[in-house]
Each structure stands twice: as structure tokens, then as C-alpha cells.
Amino acid sequence: AFLLILEKKNDYVRFHAWQSSLLSATFIFALIFSALLSNYLYYLVVLTVVASHVYMVRRAYFDGAVFERFELPYVGPLASQLVDEE
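Read on for a plain summary of the structure.

## Section: the overall build of the protein chain
Here's step 1: Scanning the protein chain from N- to C-terminus turns up 4 helices and 0 strands.
Here's step 2: Listing each helix as α and each strand as β along the protein chain from the N terminus yields α-α-α-α.
Here's step 3: Projected onto its principal axes, the C-alpha coordinates of the protein chain cover approximately 45 × 25 × 20 Å.
Here's step 4: In the protein chain, which comprises 86 residues, the proportion classed as buried is 28%.
Here's step 5: Put simply, of all contacts in the protein chain between residues at least 6 apart along the chain, 59% involve residues at least 24 apart.
Here's step 6: If you sum the accessible surface of the protein chain, you get close to 6100 Å²; carbon and sulfur atoms cover 70% of it.
Here's step 7: Averaging the coordinates of the 6 positive side-chain charges in the protein chain and doing the same for the 8 negative ones gives two points 6 Å apart.

Structure below.
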């Protein structure tokens, strides 16, 4: 979300910032919901959150050489639409 405020010109950076923000918001709701259900489910969601963010950072780094956008299911097209509308 920090890059959404600062970066105004680079669509590649803004796309990945939107995608990460949308995914993080989804994971926050999943963490709250899973914490209410069970500790095992909560830790499984935490592991998924960490793994997915590490994967996204890695893909953004390697795809940055050619400015290729890697879209995650559901949040990727929404992030792309948000960047295109700006």
C-alpha cells in the first residue's frame, strides 16, 4: 500500500502493489476467521500467507527484467483493471 501512495507513473510497480494489497486484505479476513475456528487452521493460513507473499516477491523480481505482469487468480485481473483505470 505504501507504493500505491508514492508511485504514480510506473504501472508495473502499481500493478504489483495493488495485487499484493488485495491479496493481503483477503488474507486478513481469512486469518481472523481461521483464528476463531481453530489454532491448526490459523497456522495453516499463516503459512499460506507467508508462502504466497514470498512467491509473489520472487515472481515480481524475476519478471521485472521484461516488465511481465504475473496475475494471480481472482485478484490479478482486478489489480490489472484498477491500474488500467488510473
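## Observations regarding the layout of surface pockets
Here's step 1: Approximately 170 Å³ is the volume found for the largest pocket.
Here's step 2: Lining the largest pocket are 10 residues, with His16, Ala17, Ser20, Met56 and Ala60 sitting closest to its centre.
Here's step 3: Listing elements by their share of the lining of the largest pocket, those giving two or more residues are helix H2 (11-37) and helix H3 (39-63).
Here's step 4: Here the element with the most residues in the lining of the largest pocket is H2; it accounts for 5 residues.
Here's step 5: Considering only residue class, the lining of the largest pocket consists of 6 nonpolar, 4 polar and no charged.

## Points about the pattern of salt bridges
Oppositely charged side chains may form a pair once their charged atoms are brought near each other.
Here's step 1: Enumeration over the complete set of coordinates arrives at 2 salt bridges.
Here's step 2: Residues arginine 59 and aspartate 63 are paired through a salt bridge, measuring 3.1 Å at the closest nitrogen-oxygen approach. Linking arginine 59 with aspartate 63, this pair stays in helix H3, spanning 4 residues, or about one helical turn.
Here's step 3: Note on aspartate 63: relative accessible area 10%, which makes it buried.

About the thresholds
Residues numbered from 1 in each chain as written. Predicted model: local features only at pLDDT ≥ 70, side-chain atom pairs only at ≥ 80, totals over all residues. Heavy atoms only, no water. Helix = DSSP H or I, 4+ residues; strand = E, 2+ residues; numbered from the N terminus. Buried < 20%, exposed > 50% of the residue type's maximum accessible area, 1.4 Å probe, protein only. Contact = heavy atoms within 4.5 Å. Areas by Shrake-Rupley, 256 points an atom, 1.4 Å probe, with all protein chains shown as cover. Lys, Arg positive; Asp, Glu negative; His and termini not counted. Charge placed at Lys NZ, Arg CZ, Asp CG, Glu CD. 1 Å grid on protein atoms, 1.4 Å probe; cavity = no way out; pocket = protein on both sides within 12 Å on 5 of 7 lines; lining within 4 Å. Points joined across faces, edges and corners; volume = space filled by probe spheres on them. Nonpolar A, V, L, I, M, F, W, Y, C, P; charged D, E, K, R; others polar. Salt bridge = Lys/Arg side-chain N within 4 Å of Asp/Glu carboxyl O.

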